[in-house]
Amino acid sequence: DTAVSQTPKYLVTQMGNDKSIKCEQNLGHDTMYWYKQDSKKFLKIMFSYNNKELIINETVPNRFSPKSPDKAHLNLHINSLELGDSAVYFCASSRQGSPLHFGNGTRLTVT
Amino acid sequence: AQSVTQPDIHITVSEGASLELRCNYSYGATPYLFWYVQSPGQGLQLLLKYFSGDTLVQGIKGFEAEFKRSQSSFNLRKPSVHWSDAAEYFCASTPTDSWGKLQFGAGTQVVVTP
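Report on the accompanying structure. (Residues numbered from 1 in each chain as written. Chains lettered and ligands numbered in written order. Predicted model: local features only at pLDDT ≥ 70, side-chain atom pairs only at ≥ 80, totals over all residues. Heavy atoms only, no water.)

1. Some words on the packing of aromatic side chains
Phase 1 of the analysis: For the coordinates displayed, the defined rule picks out 19 aromatic pairs over all chains.
Phase 2 of the analysis: Considering the side-chain rings of Phe-102 of chain A and Tyr-36 of chain B, the 5.3 Å spacing of their centres and the 85° angle between planes classify their relative orientation as edge-to-face. In this pair, Phe-102 of chain A sits in strand 10 (residues 101-102) while Tyr-36 of chain B sits in strand 5 (residues 32-38), so the two residues belong to two different chains. Take Phe-102 of chain A and Tyr-36 of chain B: they sit in the same class, and that class is buried.
Phase 3 of the analysis: Each member of the aromatic cluster is reached from another via a ring pair, and the members are Tyr-33, Tyr-35, Phe-90 and Phe-102 of chain A together with Tyr-32, Phe-34, Tyr-36, Phe-51, Phe-90, Trp-99 and Phe-104 of chain B. (Phe/Tyr/Trp six-rings, centres within 6.5 Å; stacked < 30°, edge-to-face > 60°. Helix = DSSP H or I, 4+ residues; strand = E, 2+ residues; numbered from the N terminus. Buried < 20%, exposed > 50% of the residue type's maximum accessible area, 1.4 Å probe, protein only.)

2. Notes on the interface of chain B and chain A
Phase 1 of the analysis: With 19 residues of chain B at the contact, the number on the chain A side is 21 residues.
Phase 2 of the analysis: Together, the buried faces of chain B and chain A total about 1700 Å²; carbon and sulfur atoms form 57% of this surface.
Phase 3 of the analysis: The interface formed by chain B and chain A includes 2 salt bridges.
Phase 4 of the analysis: Salt-bridge contacts for Lys-101 of chain B lead to Glu-58 of chain A; the nearest nitrogen and oxygen are separated by 3.1 Å.
Phase 5 of the analysis: Applying the counting criterion to the chain B and chain A interface returns 8 residue pairs in polar contact (both at pLDDT 80 or more).
Phase 6 of the analysis: Of all elements in the fold, only strand 5, strand 6 (44-50) and strand 10 (87-94) of chain B reach the threshold of two or more residues within the side of chain B that touches chain A.
Phase 7 of the analysis: Considered class by class, the residues forming the side of chain B that touches chain A number 9 nonpolar, 7 polar and 3 charged. (Contact = heavy atoms within 4.5 Å. Buried area = accessible area lost by both parts, 1.4 Å probe. Salt bridge = Lys/Arg side-chain N within 4 Å of Asp/Glu carboxyl O. Polar contact = N/O pair within 3.5 Å; in protein donor to acceptor, adjacent residues only side chain to side chain. Nonpolar A, V, L, I, M, F, W, Y, C, P; charged D, E, K, R; others polar.)

Right under this line is the structure:
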């Protein structure tokens, strides 16, 4: 059973399009996160949600909008995609005070 | 502000040899430290963590790490590497007042030669 699952694994799209990445966790964690890994493999947090409430919102363009329908799901919607959005996006989850469990990532390529 | 530094971008090691990956942190309070491994095309897998207590922590896959407050270091070690250990390794820390806001190092790529 996959603990943190993301779909799709690969996403290729053109500039200007809108796309979503879905994430689900079956660990019973109350906090979920989105991280971005750039082309140099540098990882940086984008958002975190705790029980459907936005907790962390880093300096991310407002074209990125996370949505958490329940505490087991955290989706990432991206409007008007730009070339610079190309990256690997990782979803993660945790309990307070426990390590983060990461999904396998979604490689987004914007052409 | 906290920061994590991994001085080595790339390390090549022979199979069966020992491995040590360096990590330095900058944080005022007691840090919560982690090592994650990322195999090609895969997600991040937790190897081990340090929260408090014994400064030598054991992890999965035969890895261990030692927390040294005097040196602000949390180096990862493995006595004998296997070809499957070839991967990218990340050191990370999180503040307690914003749990999960991991500050990652830049990563160290480990290449294992026969």
